[in-house]
Amino acid sequence: MLIRVIILSFILFAKVPFALAQMPLLEVANLTLKIGPKSEEVLYYGFAKGDKIIFTFKEEEQKELTEVSIEEFPEQIRFSDYKVKSIRAKHIDVNQKSVYVFKFVNNQAFKGRVCHIKIQRIPETDLTIDFNSQVRWIASYDTTFQIETREVLSGYDTIFSKNESWELKKSTLEEFVVFDKNQKVASRANLGGVSNRICIRFELPPNVSNNSRKQVLQGWAYWIGVGEEASMVWTENVKTIAGFAQGVIAIYSPLGGLVAGLVSGLAIPKTGDDIYYAITDSVQAELFLSKKTFLPIDWGKGKGGFGKFNHTQPSAFYLCLENDNYLNAVDVTIKVVALIDTKIYANQETSKQVIKPRMEKVSVEIPVITPKTLPVTWK
């Protein structure tokens, strides 16, 4: 009987490492990144407790990348190397569920680097096979305290003071050019290994509010066109508006007129290659570049397109482009315009006699709350 118990115990314990060996090797990311001169790329992914990370890196032309590091957020370095050409299957054990930061730094002043990156994970148990490695960003607040000097009432003084009275002098609806340039998008089979997907960041002008000036975003619009015809079509848009411009519309470009509601549509190229385009935020742009499912704010596919938005809170957006032409790169003309409500005020100053409190200074402890965003695992 004792011998049977020993044999059964041996079989049970022998199955444990065999079961661990059967856990699947799951792909988290398989990317090709172009890291420009004097710049860096940072990737964020979440991992479950007990995961084993397998990290592989290779510079396309076997040139050195200044630094490659892997950090358990926040600021716990798990791996770092310098002047790196390749890294083959680096293993890192995950001791707790956390976000890992993969950082790639290129300190070369003039030359970029094209890097192939593969990130995989081996879950510890079946319970974490379906763990979502995407991260989400949450708001957080740091509270610190500082000593400030404040004033308390100790008496009164009679003085003459100047009184400010700000009056509106000018109100205009102004057009602001946010982005205006041509962008080349590589073909799917280009010899340089450049991605046929790119995202272009643009930032809307900020709202301003002080005594003399108030500036509020009223909305914005974009227009894109593919190929040489884009320039001619845009010129036609300008001529069309100039041809029937009356009063206020004469001060706007075609996009400004679109935002203001003075025109309902714009011409786009009719010949040439197609381009897929999408307007997104930063999180969705990362998903687009990673060829994952993403949720655009606006999108389309064709030889051009346009759209307008009534957003009044300034923010950064991304125009994501994909060229599905197998052999030929395409040139895309991109224009983004915002409409700003600007009010100018002038001070009509007067003097008057006032009773002014006399204050004395005391020291008080003031809490300082600093907002920030933190990456966290999806669950």
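Conventions used here
Residues numbered from 1 in each chain as written. Predicted model: local features only at pLDDT ≥ 70, side-chain atom pairs only at ≥ 80, totals over all residues. Heavy atoms only, no water. Helix = DSSP H or I, 4+ residues; strand = E, 2+ residues; numbered from the N terminus. Rg over C-alpha atoms; globule rule 2.2 N^0.38 Å. Buried < 20%, exposed > 50% of the residue type's maximum accessible area, 1.4 Å probe, protein only. Contact = heavy atoms within 4.5 Å. Areas by Shrake-Rupley, 256 points an atom, 1.4 Å probe, with all protein chains shown as cover. Lys, Arg positive; Asp, Glu negative; His and termini not counted. Charge placed at Lys NZ, Arg CZ, Asp CG, Glu CD. Arc of directions from axis to C-beta. Polar contact = N/O pair within 3.5 Å; in protein donor to acceptor, adjacent residues only side chain to side chain. pLDDT = per-residue confidence, 0-100. Phe/Tyr/Trp six-rings, centres within 6.5 Å; stacked < 30°, edge-to-face > 60°. Lys NZ or Arg CZ within 6 Å of the ring centre and 35° of its normal.

## A few points about the overall build of the protein chain
Looking only at helices and strands, the protein chain features four helices and 19 strands. Its C-alpha radius of gyration of 30 Å places the protein chain more than 25% over the 21 Å reference for a compact globule of 379 residues. Taken along the three principal axes of its C-alpha coordinates, the protein chain extends 105 × 75 × 45 Å. Across the 379 residues of the protein chain, 36% fall into the buried class. In the protein chain, the share of contacts with a sequence separation of at least 24, taken over all contacts with a separation of at least 6, comes to 82%. Total accessible area on the protein chain is roughly 22,700 Å²; 53% of this is exposed by carbon and sulfur atoms. Each charge class in the protein chain can be summarised by its mean position, and for the 46 positive and 42 negative side chains these summaries are 3 Å apart.

## Examining the environment of glutamate 349
By the element assignment, glutamate 349 lies in the loop between β18 (330-347) and β19 (350-377). The spacing of glutamate 349 and tryptophan 166 is 183 residues in sequence and 8.3 Å in space, taken between C-alpha atoms. In this structure, glutamate 349 is in contact with Lys162 and Asn163, ignoring residues within four places of it in sequence.

## Overview of helix α4 (residues 282-289)
Here α4 has its buried residues at Gln284, Ala285, Leu287 and Phe288. Projected down its long axis, α4 carries its buried residues within an arc of 160°, all on one side. Contacts made by the buried residues of α4 are with β11 (197-203), β14 (275-280) and β17 (316-322). In this structure aspartate 281 caps α4, since a side-chain oxygen of it lies 3.3 Å from the backbone nitrogen of valine 283.

## Observations regarding the confidence of the model for the protein chain
Mean pLDDT over the protein chain: 88, with 92% of residues reaching 70 or higher. This stretch, residues 1-20, has a pLDDT under 50; its non-local contacts, to residues over four places away or in other chains, come to one contact.

## Observations regarding the packing of aromatic side chains
For the structure shown, the criterion picks out 17 aromatic pairs. With centroids separated by 6.2 Å and ring planes inclined at 65°, the aromatic side chains of tyrosine 45 and phenylalanine 102 adopt a geometry described as edge-to-face. A residue pair is termed long-range when its members are at least 10 positions apart, and tyrosine 45 in strand β2 (residues 39-47) and phenylalanine 102 in strand β7 (residues 98-106) qualify at 57 residues. The class of phenylalanine 102 is buried, set by a relative accessible area of 0%. When the centroid spacing of 6.1 Å and the interplanar angle of 15° are considered together, the rings of phenylalanine 57 and phenylalanine 104 count as stacked. Of the two residues, phenylalanine 57 is situated in strand β3 (residues 52-59) and phenylalanine 104 in strand β7; the sequence distance between them amounts to 47 residues. For phenylalanine 104, a relative accessible area of 0% gives the class buried. Here a set of aromatic residues connected by ring pairs shows up, and it is made of Tyr45, Phe47, Phe55, Phe57, Tyr100, Phe102 and Phe104. For arginine 197, the ring lying beneath its charged end belongs to phenylalanine 288, and the centroid distance is 4.7 Å.

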